[in-house]
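# Analysis of the macromolecular model
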Amino acid sequence: MQSNKTILVTGASSGIGLLVASKLHENGYHVIGTSRDPKKHQAKLPFKVLPLDLNDDHSIACFGKLLFSEVEQLDVLINNAGYLVNGLAEETSIELGKQQFETNFWGTIKLTNELLPYFRKQKDGKIITIGSLLGLVGLPNVSYYAASKHALEGYFKSLRFELAQFNIKVVMVEPMSFKTSIGESGTVAAGTIKDYDMLRQRVTAYTKTTFDKAPQPTPVITTLLQAVKEKNPKFNYPVGKGSSFILLLQHFAYKTFERSILRSVNSSK
Ligand SMILES: NC(=O)c1ccc[n+]([C@@H]2O[C@H](COP(=O)([O-])OP(=O)(O)OC[C@H]3O[C@@H](n4cnc5c(N)ncnc54)[C@H](OP(=O)(O)O)[C@@H]3O)[C@@H](O)[C@H]2O)c1
């Protein structure tokens, strides 16, 4: 299948970003990826990789010009880049929490703002942001990550109304756990408060089991392709086995949801 659509995928050097960018390229889209270190990845990748660091305002401010020196138009922005801070809430320093927001929330918003003038001029475009099921529910050990992903949900939910007049579609894709580098590439807050020793031990085992058992991210790639192709996409695309059931419990039987999570955490070793 050939398509003349141009798609930007942030964080295309690894995991979901790498897989979706490769699949879109294979399907004939003109794909541009990003990495903080494009030189390290370019030779292995069949699509162009541009430098982008979501923690660096200068890198973001230069990005629109850089992108449009490579392409004539942009049809879809896939906001994928992000990372994970693990740790019990009280034991995670505010500094680590701020860094989590700087990348996952502020970096994503700043890049979107950098590209919005181009989309508005075109009167056409699509912004697909990879949130997380943790942007819709909370779990122990990921408070700042969940908060950063909840913040993205709220922001883009509002933005969707404002961009409808310019024919710019706004979409969130919310994956459950899938096997990528996110577990290793993230940051883990050190345990410092003795009162939490037992919970920390259990929750660390629970998190490790979740990552170990996580399936390959194929369903996320399928969903992203669907969201790219959809003419009038909906706002939320939760992905993963049981995600609809979890959301149903969260809305209609929250105590049952909490009990089942606590049971799993407490039986983790
Ligand atoms: N895997 C899961 O279970 C899961 C579940 C729900 C949501 N997600 C979300 O899916 C997205 C992709 O994660 P992944 O699982 O594929 O993880 P991953 O394999 O660790 O990939 C993360 C990507 O983000 C880029 N990145 C990280 N920090 C960046 C920064 N400061 N500036 C620019 N790029 C940065 C990395 O590129 P460079 O290092 O080359 O710069 C890398 O390509 C994230 O938003 C994550 O929160 C993942």
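Residues numbered from 1 in each chain as written. Predicted model: local features only at pLDDT ≥ 70, side-chain atom pairs only at ≥ 80, totals over all residues.

The chain appears in an unreviewed UniProt entry as Short-subunit dehydrogenase from Mucilaginibacter terrae. Under the UniProt heading Sequence similarities (unreviewed entry), the entry covering the chain gives this text: "Belongs to the short-chain dehydrogenases/reductases (SDR) family." (UniProt positions renumbered as here; feature names shortened; annotations may be inferred.)

## A short note on the pairing of strand β6 (residues 125-130)
In terms of burial, β6 is largely enclosed, as six of its six residues are buried. Burial along β6 is two-sided: the face carrying Gly 125, Ile 127 and Thr 129 and the face carrying Lys 126, Ile 128 and Ile 130 are both buried. Direction of pairing for strand β4 (residues 76-79) relative to β6: parallel, over a ladder of four bridges. Counted as the bridge partner of Leu 77 is Ile 127 from β6. The pairing of β6 with strand β7 (residues 168-175) spans six bridges and is parallel. (Buried ≥ 20, exposed ≤ 12 C-beta atoms within 10 Å, placed from the backbone. Helix = DSSP H or I, 4+ residues; strand = E, 2+ residues; numbered from the N terminus. Pairing = 2+ DSSP bridges.)

## Here's the deal with the nonpolar core
Counting 59 residues, the largest nonpolar core has Ile 7, Leu 8, Val 9, Val 20, Ile 78 and Val 173 as its most contacted members. Apart from residues no more than four positions distant in its own chain, Val 9 is found in contact with Gly 17, Val 20, Ala 21, Val 31, Gly 33, Ile 78 and Asn 80. (Core = buried A, V, L, I, M, F, W, Y, C linked by C-beta atoms within 7 Å. Contact = placed C-beta atoms within 7 Å.)

## Details of the site of the ligand
The environment of the ligand is formed by 29 residues, the closest being Gly 11, Gly 15, Arg 36, Gly 82 and Thr 180. Elements represented by at least two residues in the shell around the ligand include exactly α1 (15-26), α4 (94-122) and α6 (182-185). Element by element, the count of residues in the shell around the ligand is highest for α1, at three residues. For the shell around the ligand, the residue count by class is ten nonpolar, 16 polar and three charged. (Near = placed C-beta within 6 Å. Nonpolar A, V, L, I, M, F, W, Y, C, P; charged D, E, K, R; others polar.)

## Digging into α4
Over its 29 residues, α4 runs 40 Å from end to end, which matches the ideal 42 Å to within 8%, given 1.5 Å per residue. Where α4 bends most, at Glu 102, the angle is about 40°. The set of residues buried in α4 consists of Gln 100, Asn 104, Phe 105, Gly 107, Thr 108, Leu 111, Leu 115 and Phe 119. Residues of α4 that are buried in the fold lie against α3 (57-70), β4, β5 (85-86), β6, α5 (143-163) and β7. Within two residues after α4, Lys 123 carries a phi angle of roughly 55°, on the positive side. (Expected span 1.5 Å × (residues − 1). Bend = angle between axes of the 7 residues up to and from the residue.)

## So, unusual backbone geometry
The backbone of Asn 141 shows a phi angle near 85°, a positive value even though the residue is not glycine. A positive phi angle, close to 60°, is found at Asn 167, a residue other than glycine. Examined against the element boundaries, Asn 167 turns out to sit in the loop between α5 and β7.

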